[in-house]
Amino acid sequence: MSKQTILYIEDNEYNRKIVRQLVGRTSYRLIEAIDGESGVALAQQELPNLILMDVQLPKMSGLDATRVLKADPRTGHIPIIVITSFALSGDREKASAAGANSYLAKPYSPRELLALVREFLPES
Amino acid sequence: MKLEQLAERVQSRTPLRLLVRWVAGIRASVHTKLLAAFLIVTSLFVAMALVSLQTIVSATHQSQLLDEAHEMVSLAQEGEHALARQMHYTDLALLSQDEVAIAKILRENNRFNDRLAKVEAAGTAERGLVEQIRSSQDEAMAVVADMANAIRDGKLGSVTGGLLRRQERLDTEITTHVGRLVTAQQDRMTRLRESVTAANRRSLILTGAFAVSAVIFALFCGFVISWSFILPVREAQGFLDKVAAGSFGGHISVPNRDEFGALAERMNHMSRELERFDIEQRHAAAELGRLNQQLAQTSKAKSEFLANMSHELRTPMNAILGFTEMVLDGLYGDVPTELKEPVADIQVNGRHLLRLINDVLDLSKIEAGRMDLALGEYSVREVVDIAYISLRSLAVEKGLNFVINVHDDLTVAYGDNGRLTQCLMNLAGNPIKFTKQGRVEIGVELVGSELIYRVSDSGIGIPKEELENVFAEFRQVDATVTREFGGTGLGLSITKKFVEMHDGRIWVESEIGKGCTFFFAVPLRTKGDSA
Ligand SMILES: Nc1ncnc2c1ncn2[C@@H]1O[C@H](COP(=O)(O)OP(=O)(O)O)[C@@H](O)[C@H]1O
Ligand SMILES: [Mg+2]
Ligand SMILES: [Mg+2]
């Protein structure tokens, strides 16, 4: 059976690198996008099993991308973990309203991130 | 009501309107105008009284004249009677031939003369007629004298015939003349009576006409003067109604050049001022609205900037702390012993930097008004536990006696547990930082409807004069301590703000060298909607 795929949409190269190295030691397959628009396109094309979405992204914000994906019948079922900074009051509510299944505060501990991913997507 | 409508119609549809306006336009005070109107009316009534008086006087005079005329007629008639009797006695004397009759004739003649003289004296009789009567009477008296002589001489019989003829002729003459005199007096009286009646009627009509016109004129005066006051008052009423309804800038024009005119002028002034104020106020309101909008935009921009900054600062922090954790977790293979300490130092300082960033951002958020509490039910025990667990390792590392002193029966409270945990950690983090050895204790107590959180230590304490200041932003008692322990002086001020957002209060008790106790009290159930 094919590997479970995780899509990470994040514009910061080093953060992508962390997740890449983290996931590299697991059985998941990681695909990456560096802005909201290409992230949505990639999700629609690859239909991953889980999406990690940064809030602050070029071209299209993470919340908008979440809304688009949740509204699309092909991708609507894919769980999305929004990575927010809880900058302002109401950010949490905004993430839920956009359709996020869970959220993680930046800076996250790689250990925590992996644990949360495993919650949604138990390693086969 | 009907009368009022009539007055209204008369006022508005007849040339009286012009008169009313003219009176209004007279340059005199209301007082003067009223006085003038009353004077006019009063003098009318005085004139009326004079006219009546004059009528009465002339009527009295007329009736006197009438009385006189009446007396003349009586006198003339008495004279006539006396004459008749004189003639009768003359005839008697001729028949009886005695002197007694002669005496009676003389008596009657005297009476006649007396009446005639009176009539003559009154000057109402025709002079010629009186003269004729008198001469005829003289002649008659001559006859009587002859008669008396004849009687005395006893020769009456021979002269009787002649005397009788003379006598008869004179009788006829005198009787005719006296008859004319009487008729003339009677005519005069009749004429006088007629003229008195006519005069009386005339003066009655005159008095009546004068009275009626005086009343009409008085009413007219009252009408005109009152309308000259009513019109401006009515205008003012309409004007004030408009002002009351919020429409400013109206203008009233009244023809009055009295107090009402002055009042109208002042109202117009007021109206202009009101309009000016209104316009100014509207401008100010518009300006305020614009500023408000600008402020809202600025505030929104600030909030967005904060959100971006917050995220942008955390993104590299995420990488730093993430890589460090992965290195220490051995993700890249075993860490050489000599590298372990510097990498751990990176981690400690990274975390410290993150705390600073969080504090600064929190403060900015509070100041931007973008910090809302996430109110909800929470367990007091859990708040204490989380703060305790988060700080325990640090305290243990320093060999401090870090304890919780909480009653187990603490129930569920209502508030923002995340922020309250942050407050407790700020309060407990300080003594762990500043206390070299001894005890740090976290406690909670429910007093009435207030939860009192308390953190006490046996550390260095805070000088009395600094007790108030420690809650100020960036305030630190001793800068050298900062160099030794780190920190920014933001922890307590942020804590104070969160406590106050809970409608609570915060205070500290301390004795220098013996340690200090920080308290903060929040309502068991904080008011407000859950965010
Ligand atoms: N428990 C304590 N014992 C002694 N001094 C304290 C204690 N808590 C706070 N202070 C004083 O109050 C100052 C402000 O504290 P805080 O606002 O938390 O800032 P920071 O911890 O960054 O210095 C500290 O710098 C210290 O001087
Ligand atoms: Mg980003
Ligand atoms: Mg502090």
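Summary of the structure given here.

Cut-offs applied
- Residues numbered from 1 in each chain as written.
- Chains lettered and ligands numbered in written order.
- Predicted model: local features only at pLDDT ≥ 70, side-chain atom pairs only at ≥ 80, totals over all residues.
- Heavy atoms only, no water.
- Near = heavy atom within 4 Å.
- Polar contact = N/O pair within 3.5 Å; in protein donor to acceptor, adjacent residues only side chain to side chain.
- Areas by Shrake-Rupley, 256 points an atom, 1.4 Å probe, with all protein chains shown as cover.
- Helix = DSSP H or I, 4+ residues; strand = E, 2+ residues; numbered from the N terminus.
- Nonpolar A, V, L, I, M, F, W, Y, C, P; charged D, E, K, R; others polar.
- Buried < 20%, exposed > 50% of the residue type's maximum accessible area, 1.4 Å probe, protein only.
- Donors = N, O, S within 2.8 Å, 3.2 Å for Na, K, Ca; no water.
- Axes fitted to C-alpha atoms, helices over the stretch in contact; angles between N-to-C directions.
- Parallel < 35°, antiparallel > 145°, perpendicular 65-115°, else oblique.
- Left-handed = near helix turned anticlockwise from the far one by under 90°.
- Contact = heavy atoms within 4.5 Å.
- Salt bridge = Lys/Arg side-chain N within 4 Å of Asp/Glu carboxyl O.
- Core = buried A, V, L, I, M, F, W, Y, C linked by side-chain atoms within 4.5 Å.
- Domains from an automatic or database assignment.
- Phe/Tyr/Trp six-rings, centres within 6.5 Å; stacked < 30°, edge-to-face > 60°.
- Pairing = 2+ DSSP bridges.

Residues and elements named next belong to chain B. Near ligand 1 you find 20 residues, and of these Lys-433, Gln-476, Thr-488, Gly-489 and Leu-492 are the closest. Taking Asn-430, its side chain carries an N or O atom lying 2.8 Å from an oxygen atom of ligand 1. Contacts to ligand 1 include Gly-489, whose backbone N or O atom sits 2.7 Å from an oxygen atom. When ligand 1 sits alone it has 530 Å² of accessible area, and the protein chains cover 95% of it. Only helix H10 (417-434), helix H12 (491-501) and strand E7 (515-523) provide two or more residues apiece to the shell around ligand 1. Here the shell around ligand 1 gets four residues from one element, more than from any other, and that element is H10. Classifying every residue of the shell around ligand 1 by side-chain character gives ten nonpolar, seven polar and three charged.

On to unusual backbone geometry, then. Residues and elements named next belong to chain A. The phi angle at Leu-47 is positive, at roughly 45 degrees, despite the residue not being glycine. By secondary structure assignment, the location of Leu-47 is in the loop between helix H2 (36-46) and strand E3 (50-54). Under the relative-accessibility criterion, Leu-47 is labelled partly exposed at 41%. Its identity as a non-glycine residue notwithstanding, Lys-59 has a phi of 70 degrees, on the positive side. Counting through the fold element by element, Lys-59 comes out in the loop between E3 and helix H3 (62-71). Overall, the relative accessible area of 66% leaves Lys-59 in the exposed class.

Let's shift gears to the coordination of the magnesium ion (ligand 2). Looking at the magnesium ion (ligand 2), the protein donor atoms are Asp-11 of chain A (OD), Asp-54 of chain A (OD) and Gln-56 of chain A (O), and they sit 2.1 to 2.5 Å from it. Donor residues for the magnesium ion (ligand 2), ordered by position in the chain, follow D-x42-D-x1-Q.

Residue and element names in this part refer to chain A. One way to put it is that helix H1 (residues 13-23) packs onto helix H5 (residues 110-120) with a least axis distance of 11 Å and a crossing angle of 60 degrees. Considering their axes alone, H1 and H5 lie oblique with respect to each other. The handedness of the crossing between H1 and H5 is right-handed. Residues Ile-18, Val-19 and Leu-22 of H1 pack against Pro-110, Leu-113 and Leu-114 of H5. For the contact of H1 with H5, a count of residues per class yields six nonpolar, no polar and no charged.

In this complex, chain A contributes 25 residues to the contact, which on the side of chain B involves 27 residues. Connecting chain A to chain B are two salt bridges. A salt bridge links Asp-329 of chain B to Arg-111 of chain A, with the nearest nitrogen and oxygen atoms 2.7 Å apart. Scanning the region where chain A abuts chain B turns up nine residue pairs in polar contact (both at pLDDT 80 or more). At the level of secondary structure, the elements contributing two or more residues to the side of chain A that touches chain B comprise H1 and H5 of chain A. Residue composition of the side of chain A that touches chain B, by class: eleven nonpolar, seven polar and seven charged.

Now for the nonpolar core. All names here are of chain B. Residues Leu-424, Leu-451, Tyr-453, Phe-518 and Phe-520 are the most contacted members of the largest nonpolar core, which totals 47 residues. Broken down by element, the residue count for this core peaks at seven residues, all from helix H9 (residues 380-397). Summarising the domain contributions, this core has at least three residues from each of domain 2 (272-371) and domain 3 (373-523). Once residues within four sequence positions are removed from consideration, Tyr-453 is found in contact with Tyr-378, Val-380, Val-383, Val-384, Leu-420, Leu-424, Gly-443, Val-444, Phe-518, Phe-519, Phe-520 and Val-522. Listed in part, the 33 residues of the second largest apolar core include Met-87, Ala-101, Ala-150 and Leu-170.

When helix H2 (residues 16-25) of chain B is considered as a whole, its buried residues turn out to be Leu-16, Val-20, Val-23, Ala-24 and Gly-25 of chain B. The elements touched by buried residues of H2 of chain B are helix H1 (2-13), helix H3 (30-96) and helix H6 (156-244) of chain B.

Let us look at the packing of aromatic side chains. Residues and elements named next belong to chain B. All chains considered together, the criterion is met by seven aromatic pairs over all chains. Between Phe-217 and Phe-220, the aromatic rings sit 6.1 Å apart at their centres with planes inclined by 25 degrees, giving stacked as the arrangement. Within this pair, Phe-217 and its partner Phe-220 are both found in helix H6, separated by three residues, close to a single helical turn. Ring plane angle 15 degrees and centroid distance 4.8 Å describe the contact between Tyr-453 and Phe-520, whose orientation is recorded as stacked. With Tyr-453 in strand E5 (residues 450-457) and Phe-520 in strand E7, this pair connects stretches of sequence that are 67 residues apart. Residue Tyr-453 is classed as buried on the basis of its relative accessible area of 1%.

Take the pairing of strand E4 (residues 439-447) of chain B next. All names here are of chain B. Two elements, strand E2 (residues 401-406) and E4, share six bridges in a ladder whose sense is parallel. From the neighbouring strand, Ile-404 faces E4, where its bridge partner is Ile-442. Across eight bridges, E4 lies against E5 in antiparallel orientation. Along E5, the bridge assignment pairs Glu-445 with Ile-452. Count of turn residues in the E4/E5 antiparallel hairpin: two residues, of which Gly-448 carries a positive phi of about 65 degrees.

Once that is clear, we can look at the pattern of salt bridges. Under the criterion given, the structure shown has 33 salt bridges over all chains. Across the pair Arg-67 of chain A and Asp-64 of chain A runs a salt bridge, and its minimum N-O distance is 2.9 Å. Of this pair, Arg-67 of chain A and Asp-64 of chain A are both found in helix H3, three residues apart, which corresponds to roughly one turn of the helix. Take Arg-67 of chain A: its relative accessible area is 40%, and that puts it in the partly exposed class. Two residues, Glu-273 of chain B and Arg-276 of chain B, come together in a salt bridge whose shortest N-O distance is 3.0 Å. With Glu-273 of chain B and Arg-276 of chain B both in helix H7 (residues 259-328) and three residues apart, this pair spans about one turn of that helix. Judged by its relative accessible area of 26%, Glu-273 of chain B is partly exposed.

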